[in-house]
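Below, each chain spelled out in residue letters.
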Amino acid sequence: MTTALAVDLGSSSGRVVAGRLEGDHIEIHEVHRFSHEAIRRDGSLVWDLEHLWDQTVEGLQKAVQEYPDAQSVSVDTWGVDFVALDSDDHPVGPPRAYRDERTARTLEQFRQRIDDEEFFHLTGIAPATINTANQLVALTCEEPELAEHIDTILLLPDYFAWKLSGVKGWSRSICSSSGLCEPGSPRWSDTVFSRLGLPRSWVDDLNDDLTTVGPCTVEGLESLTVVRGGAHDTACAVHGLPVEEGVKAYFLSCGSWSVLGGMLDRPLLTDAAFKLGLTNESRSDGGVRPLFNITGMWILQELQRQWEREGMPTDTDELVAAARTCAPSAHLFDPDDPRFAEPGEMVEKIDTVIREAGGEPPSTKPEYVRLVIESFAQRYARGIDELAQIAGSRPDQLNLVGGGARNHLLCDLTAQAAQLRVVAGPIEASILGSLIAQLETMGNIASGDRPDIIATTAKTRVHEPSAR
């Protein structure tokens, strides 16, 4: 038996997971989980690097004690955020969170250097204030004295890989989220660095995923090899999707936010792709995953938070089960309406948009839940059609992963609205993809064995559309 360790850092929690290869099956066990959040420090929104690092090491130490045969570790995180280092490898200021307001303050300065449409065609990335490119421009504009001390920038998973191994690198999958690479992310874009006034010396050449970084140098973890198993969490999730050979699949990562995308060999760079807000990021295996964001289950979560504040505790499973018995909603809403992006008063916001459409708001909590889920299903179906038009063909199935995969009603209604088979799960696709990537890289399984390993390991459900 062989064990690989995955460090999966999300923007609100982190975990260390062990994956034990037993024949053609991976037994997955969570060893350590911790919470974290962006914090306010001197008026800025920043990440607590020390907490993230201490918890990562604590989790890995527990894992090697429990699994002394563990041979490798890989770190994946969310995209775009980075750590700047000086020539002595000390952080230059605290790492800002992607929601920090400075990128909004400097957006016009960014656009004076590269406008939105040209930025998309230069990088294949949708213009957004959260992009690493925007963050670096904001840093140079608002804190030039700090920028002068920067020697290197590392995207978050590459920072943690360096802390584990002492080897600096720039993994293709995570760097593809930065807005600093050429379309499809074969290399950094010297043009973008130059136009934005950013030193190209801050980064070195991109490294392919599914490669080794080096031996771990942290005390007590020297038995591990640090691997680039897919540094971006969505890249890991796509690597762990159950897709049979010859099947064309789209993926929907459904959580607080939803990410809808496809798996192609080339980036999509048409005007229609730009207007849709498409972002062309890299897959762990070297391909491209064109994707775009849709508001996710945040709206339902905000509804529940409001009800709980008002003294009405809710259970998600019970609400969804009750919603299934409700009649279809007469009027739906667009989840991407900007009013739903802000927290608070979600009941009132839904009531307002339904009245604007000429309808009557729901009268019970299950009816609200039914309305929200139906609205999501219709939005996902529309997104699939939009992406298929740009890509030139429709998929055979939709792989739905993340927390939304637990919501059977959402999966059923999405299959019906899109008239497409929905494969729900694995819920923890990022973890599975990271583990498989490590086992491939270390030579424990062949890349051609990946579909069989996923099929025997992943827990999935199939939701077929009924005829209309």
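Structure first, text after, so check above.
Residues numbered from 1 in each chain as written. Predicted model: local features only at pLDDT ≥ 70, side-chain atom pairs only at ≥ 80, totals over all residues. Heavy atoms only, no water.

Participant: So what's going on with the overall build of the chain? Which residues, and what values?
Facilitator: Of the regular secondary structure elements, the chain holds 18 helices and 17 strands. Taken over the C-alpha trace, the chain has a radius of gyration of 22 Å; the compact-globule value for 468 residues is 23 Å, and the two agree within 12%. Projected onto its principal axes, the C-alpha positions of the chain cover 65 × 55 × 50 Å. For the chain, the residues scored as buried account for 57% of the 468 residues in total. Counting contacts in the chain only where the partners sit at least 6 residues apart, residues at least 24 apart contribute 70% of the total. Roughly 19,100 Å² of accessible area belongs to the chain as shown, and the carbon and sulfur atoms make up 46% of that amount. (Helix = DSSP H or I, 4+ residues; strand = E, 2+ residues; numbered from the N terminus. Rg over C-alpha atoms; globule rule 2.2 N^0.38 Å. Buried < 20%, exposed > 50% of the residue type's maximum accessible area, 1.4 Å probe, protein only. Contact = heavy atoms within 4.5 Å. Areas by Shrake-Rupley, 256 points an atom, 1.4 Å probe, with all protein chains shown as cover.)

Participant: Account for the sheet that holds strand β15 (residues 397–401), with residues named and values stated.
Facilitator: On the basis of which strands lie adjacent, the open sheet formed by seven strands has the order β13-β14-β12-β11-β15-β16-β17 and mixed pairing. The sheet is open, and its two edges are formed by β13 (279–282) and β17 (461–463), each paired on a single side. Averaged over neighbouring strand pairs, the angle between their axes works out to 30° when direction is ignored. Bridging between strand β11 (residues 249–254) and strand β12 (residues 257–262) involves five bridges; their strand directions are antiparallel. (Pairing = 2+ DSSP bridges. Axes fitted to C-alpha atoms, helices over the stretch in contact; angles between N-to-C directions.)

Participant: If you had to explain unusual backbone geometry to someone new, which residues and values would you point to?
Facilitator: When glycine is set aside, most residues are seen to have a negative phi, and most peptide bonds are trans. Residues G425 and P426 are joined by a peptide bond in cis, for which omega reads 0°. The topology assignment puts P426 in the loop between β16 (421–424) and α17 (429–441). Notably, V80 is not glycine yet its phi reads approximately 75°, a positive angle. Considering the arrangement of structural elements, one finds V80 in the loop between β6 (70–77) and β7 (82–85). Although it is not a glycine, L210 adopts a positive phi angle of roughly 60°. Here L210 shows up in the loop between α9 (190–196) and β9 (211–215). Overall, the relative accessible area of 26% leaves L210 in the partly exposed class.

Participant: Account for the nonpolar core, with residues named and values stated.
Facilitator: If you look at the biggest cluster of nonpolar residues, it comprises 67 residues, and the most contacted ones within it are L5, F160, L164, L180, W188 and L196. Counting residues per element, this core draws most heavily on helix α1 (residues 49–66), at seven residues. (Core = buried A, V, L, I, M, F, W, Y, C linked by side-chain atoms within 4.5 Å.)

Participant: Run through the sheet that holds strand β2 (residues 13–22), naming residues and quoting values.
Facilitator: Strand pairing within a sheet occurs via backbone hydrogen bonds; the two strands may be parallel or antiparallel. Read from one edge to the other, the open sheet built from six strands follows the order β3-β2-β1-β6-β10-β9, with strand pairing classed as mixed. The open sheet terminates on both sides in strands that have one partner only, identified here as β3 (25–35) and β9. For this sheet, the mean inter-axis angle between neighbouring strands, taken without regard to orientation, is 25°. Both strand β1 (residues 2–9) and β2 contribute to a ladder of eight bridges, which runs antiparallel. If you follow L5 over to β2, its bridge partner there is A18. Running over the sheet, helix α18 (residues 450–457) touches β2 and β3 and is turned about 70° from β3.

Without other data, these values stay purely geometric and don't point to any function.
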